Amino acid sequence: MPRRFSPEQLTAIVFAFVRTALCGYRAATQSFTVDESTTFLNYVRGPWARIYQHYDPNNHVLYSILAKLSTRAFRVSEFSLRLPSLLAGFFLILGLYWVLERSVSSPVIRWVALVTLSLNPLLLDLSVAARGYGLGLAILVWAIYFSMRGKDFAAGVLLGLAVAANLTMAFPALGVIACPLLLGEGNWELRTRRILTLAIPAGAIASLICYPALSTAQASQFYVGEPTASAALFELIFTFIRASATHRGPFGTGYGTHLIEFLFLPAVLIFILAMGVRTFLRDPASRPFLIPAVTFIVALIELVAARYLAGINYPVDRVGIYLFLLLALAWATAASELPFLPLRAVQGALACLLAVQFVSQFETRYFELWAPDLPAKEVARRIREDSQGKAPGSLSVSATWYQQPALEFYRVYYQIAALKPVERHAKTLLEGFDYYVLNLKDDDDVRNGDPSRLAPMYSEPISGVLFAKEPAR
C-alpha cells in the first residue's frame, strides 16, 4: 500500500507551500543585492569554468551550480537566480517538521517551534536570497533527520551537499558526524563504523564539488565574523531578532538583546542540558533525538578551537544562523519531555513571545542584511527610462562601492545599451559622470564630499540612497 500522509503532515506541507508562496513573491519583486549580483556577475554568467577558477567567500559553489542550471532553464531573472533558495526554503520547513515530529512528543510544542522558526526574518530572507545559506540549512536539517533514523550513508551524502552549499555548514556537519560516538549504542567498533559511514560520503561529496575552487583559497579570505565571542554573540542575537529598519518590536533593542543574551539564552541552555542528560540516562531509545543538542555543543567547541588554533573569527548573522536552528530543535525536544503540562505551557508561551517579535519584523521590500540595495531595481528602471534614445555606451554611473554590483546586474538584465559597464572605484567619485548612486548613510566619501551640487532624481530613506545626475548647465 502506498504511504499516506497523516492530517498533521498534510498541514505541514500546506504550511510550507504558503510560506514558499510568500517567499516567491519576494523573490520576484525585491531588488537584487550586492552579494547576489556578485555571484551572478563573477560565477553564474559565462562559462562553467568560472565557478572553479578561484575561491571567494561569495562563491557558494553548489548554489552557483544550481543557479546556473536555473538560469539556463528559465533565462536570467531575479526569480530564476533565487529559485534554488525558494525550493530549499520549502524543504527546510518540511525537514524541520519531520525532525520535530520524530523528536517532539507534544504537538503543541512541535507546532510552536515550527511556526516560530518559519517566521524568523533572517530565515525568511535566506529562503529568498540567491545565496547558499538557506540551501545549506535545508540540507543539514534533512541530514539530521536521516541520522536520527540511523540512515548514516544518506545523512553523510546530505552533509557533504550542505558543506558544498555553504562552507559554514562544516561546523554542524562535524557535529552530526560525532553523534554516533556520543549517542550511539554498541561497542566502539560499531560506533566507529557509523562515524566512517557518515564522514566518508560527506567528505567525498564536499571535495568533489568544492575542491577545484577551494584549492586556490587563502587563509585571509576567511575573515567574516568577530574576534571576540561576546561581540559575535550580541550580533548573532540582534540580527536574529531584529530585521526591520522601522519597527523594533518588544525585543529589537540593545536592552532586549542583552536581556536575551544574559538571561533568556543561559536559562535555555541550562534547561536543554539538564533535560538532555535526563533523556540520555533514562531513555537510551530516545538518544537519537538529542542529535540537534549534541551537534550544537560540538559546533560551539569547534568554533572556539578554530578561533584559537586557526585565528578564524566567531560567526555573526547569516554565517552563524545554524546555531539558532539547532538550539530551537534542541529546545523543542527538551520542552516536550517536561513531565508537567503547566511547565510545557510556560515554555510554549516564551516561544510565542519570540514569534511575536518575529512577526513585528516582517518585511517584503528588502532583506535585513542588504537593506542598502532596496532601491536598486527602481534606480535601474529610472536610468533605463532616462537613457532611451541615447547612443550606446554614452552614459556612465558613479556609485558607492556596495551599490555597484546590483547596478551592473540590472544594466545587463535590463539591457541598458546606453549605459557603460558600472565599475567599482576605490573612492566614490562625485564628478565626471552622468548619473550618481550614492549612499548618504554609510559612505564617508559622500559625507566628506559635496553631493548637494547634484540634481536629485530619486531618494530612498531606509537605504539612504540618493540617485542624482549632473545639474543642467
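Remember, predicted model here, so these are calculated numbers, not experimental data. Residue indices begin from 1 for each chain and proceed along its sequence in written order. In keeping with the predicted nature of the model, local features appear solely for residues at pLDDT of at least 70, side-chain atom pairs appear and are counted solely at 80 or more, and the whole-chain, interface and lining totals rest on all residues. To obtain the side-chain values, all non-hydrogen atoms of the structure were used and water was disregarded.

**Considering the overall build of the protein chain**
Basically, it comes down to this: Only runs of H or I of at least four residues qualify as helices and only runs of E of at least two qualify as strands under DSSP, and these elements are numbered from the N terminus. With the radius of gyration taken over C-alpha atoms, the globule rule is written as 2.2 Å times the number of residues to the power 0.38. Burial status follows relative accessibility: with a 1.4 Å probe on protein chains alone, a residue under 20% of its type maximum counts as buried, one over 50% as exposed, and anything between as partly exposed. Whether two residues are in contact is decided by their heavy atoms, any of which lying within 4.5 Å being enough.
Regarding its fold elements, the protein chain presents 18 helices and four strands. In terms of overall dimensions, the protein chain is globule-like: its C-alpha atoms have a radius of gyration of 24 Å, near the 23 Å expected for 473 residues. Referenced to the eigenvectors of the C-alpha coordinate spread, the extents of the protein chain come out at roughly 85 × 50 × 45 Å. Out of the 473 residues in the protein chain, the part that is buried amounts to 55%. Pairs at least 24 apart in sequence give 73% of the contacts found in the protein chain among residues at least 6 apart.

**A few points about the sheet that holds strand β4 (residues 465-469)**
Operational definition: Whether two strands pair depends on DSSP finding at least two bridges between them. Between the N-to-C directions of two axes lies an angle of 0 to 180 degrees, each axis being a line fitted to C-alpha atoms and, for a helix, fitted only over the stretch in contact.
A sheet is described by the order of its strands in space; here four strands give the open sequence β1-β2-β4-β3, paired in mixed fashion. Among the strands making up the open sheet, the edge pair consists of β1 (397-399) and β3 (455-460). Pairwise comparison of adjacent strand axes, ignoring direction, gives a mean angle of 15° for this sheet. Bridging between β1 and strand β2 (residues 435-439) involves three bridges; their strand directions are parallel. What sits directly across from Ala399, in β2, is Val437.

**Some remarks on helix α11 (residues 229-241)**
Which entries qualify depends on this criterion: Helix span is expected to be 1.5 Å times the residue number reduced by one.
For α11, built from 13 residues, the straight-helix expectation of 18 Å at 1.5 Å per residue is met to within 8% by its first-to-last C-alpha distance of 18 Å. Along α11, the residues that are buried comprise Ala232, Leu236, Ile237, Thr239, Phe240 and Ile241. Looking at the buried side of α11, the elements it contacts are α6 (121-126), α12 (254-282), α14 (321-336) and α15 (341-360).

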